[in-house]
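As a plain string of letters, each chain reads:
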Amino acid sequence: MKIAVAGLHTECSTYNPVLAREADFRVLRGPAMIRDQYFDFLTHFPAEFVTILHARAIAGGPVERALYDRWKQEILDGLKAAMPLDGVYLAMHGAMFVEGMFDAEGDFIAAVREVVGPDVLISASYDLHGNISQRIIDGLDMFSTYRTAPHIDVQDTMRRAVTMLVRALKTGVRPLLAWAPVPVLLPGERTSTQDEPARTFYAQIHEVEEPTGIWDASFQVGYVWADEPRATACAVVTGTDRAAMEKAATHLAQDYWDIREGFVFGMETGSITECVDRAIASTSHPVVLAESGDNPTGGGVGDRAEVLAELIAKGATGVIFAGIADKAATDKAYAAGVGARVPLHIGASLDPSSTPVDAEAEVVFLLETGEPRLREAVVRIGGIDLVLTARRRPFHNIVDFTRLSLDPHGAKIIAVKSGYLSPELGPIANPGIMALSPGVVDQFVERTERKYTPRPSYPFDKDFKFVPAVKWSKRAL
């Protein structure tokens, strides 16, 4: 069996003014894909895989239209060259927004379907914060999504999607696809599977699956910071038994609706001022202070300096702040060199709507790199070791700190641009607190402007009734 592999994988806040361009993506082409640890699991399957192109980026702003069009055409040309094909596997995120276009994944999947024709099976894997549309469902045969947030089952999900595809090709059984939208749209920080009620909800998803009639049951929380018509939660079911699929999709949709008011933040929260005060007063360490409104892995810009300003104003010490994206400040630190004291204008370099900080800093560490866009500098402002970066990036793993000669375990306060804490920072947080800070991924989603999000939708609307309705793919009909 011959299966093509491709994908465009990113999450885009429609409120983020910074376009995602080619330099923001990690791009794999051809044989390099299957040699990469992200896709090396494909070698475990009895199939010939034709790897075309996969572009993946952390969350951000809309994707540049010309870039999307070019990569889309490259993938379509690769599919044409690989024909005849038995199947296609698409490794996606599901919340891509291309400038000037709604439902980018719908456009992409429909184009793939048109090239390969109606007889080639297509399977896709998604992030649970992706958004679904009827057009997406109509173009696919199989679908699977993550069941954990933070995401620790990425490759498990990818394997499920490929396993279904190989199963269908080996047996000749063509599965069906159904979905049930739920008018609920909540941030990931309120729906983490580490916390209730999401933990119990996602733990029971596998219970509706059975070996013959239902191949995969998935549930999309959706992506709340994309104001577009497909922004909604939904159940998606792949299988062969229509009655069982309809029952499962209805059950998951109703269950999620019933628990909608139970979703709360899993960490202690507060304003920037409240959280900084708590962090400084804490008798246990390290306090991990998450700045949620500017979280780059949620679609934030990553250049806001309000938390830094508050830490400086309160005289905080023993602080590691990782980090602020500011190319000009980073380059200025590199030009000055380690040991130099340099006046810096920090923050608001990408999104000028926030307030920058002006301070004199000592340059204490410069990451050795031959690529200016990968530069990372550590500068000291009073009792704060601040990481400046030339590009937007998160600091979620211990190695992100140690490679800069920073010891997160020994810090009193670790400030990171994050929502729920990563699997590596969560266990060392003592405690973890989340600042409900301003930014393009504002946790107060009710105050975000909504021009295109379907209404009524919770939590933007509260007083309305909902009855699940299962919709089938055009191919199933």
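Placed above this text is the structure.
Residues numbered from 1 in each chain as written. Predicted model: local features only at pLDDT ≥ 70, side-chain atom pairs only at ≥ 80, totals over all residues. Heavy atoms only, no water.

Focus on the environment of Phe49
Then comes step 1: The residue Phe49 is located in strand S3 (residues 48–56) in this model.
Then comes step 2: Using a relative accessible area of 14% as the deciding quantity, one classes Phe49 as buried.
Then comes step 3: Beyond its immediate sequence surroundings of up to four residues, Phe49 is in contact with Ile3, Val5, Ile34, Leu42 and Val162. (Helix = DSSP H or I, 4+ residues; strand = E, 2+ residues; numbered from the N terminus. Buried < 20%, exposed > 50% of the residue type's maximum accessible area, 1.4 Å probe, protein only. Contact = heavy atoms within 4.5 Å.)

Observations regarding the sheet that holds strand S2 (residues 26–29)
Then comes step 1: Taken in spatial order, the six strands make up an open sheet running S2-S3-S1-S4-S5-S6, and their pairing is mixed. This sheet does not close on itself; its edge strands, each paired only once, are S2 and strand S6 (142–145). Averaged over neighbouring strand pairs, the angle between their axes works out to 15 degrees when direction is ignored.
Then comes step 2: Two strands pair when backbone bridges link them, and S2 and S3 are joined in this way by four bridges, in the antiparallel orientation. Considered in S3, the bridge of Arg26 is made with Arg56.
Then comes step 3: Helix H2 (residues 65–82) rests against strand S1 (2–9), S2, S3 and strand S4 (87–91) of the sheet, and its axis sits at about 180 degrees to S3. (Pairing = 2+ DSSP bridges. Axes fitted to C-alpha atoms, helices over the stretch in contact; angles between N-to-C directions.)

Considerations on unusual backbone geometry
Then comes step 1: In this chain, His285 is followed by Pro286 through a cis amide linkage whose omega measures -5 degrees.
Then comes step 2: You can see Pro286 is positioned in the loop between helix H8 (272–281) and strand S11 (287–291).
Then comes step 3: For the bond from Ala322 to Gly323, the omega torsion is -15 degrees, close enough to zero to count as cis.
Then comes step 4: The topology assignment puts Gly323 in strand S12 (residues 319–325).
Then comes step 5: Phi at Ala348 is positive, roughly 60 degrees, even though this residue is not glycine.
Then comes step 6: Position of Ala348 among the secondary structure elements: in the loop between strand S13 (341–346) and strand S14 (357–366).

Topic: the side chain of Thr238
Then comes step 1: Assignment of secondary structure puts Thr238 in strand S9 (residues 233–239).
Then comes step 2: In this structure the side chain of Thr238 is engaged in a polar contact, spanning 3.2 Å, whose partner is the backbone nitrogen of Phe143.
Then comes step 3: Ignoring sequence-local partners within four residues, the contact set of Thr238 consists of Asp141, Met142, Phe143, Met164, Pro175, Leu176, Leu177, Ile214, Trp215, Asp216 and Met245. (Polar contact = N/O pair within 3.5 Å; in protein donor to acceptor, adjacent residues only side chain to side chain.)

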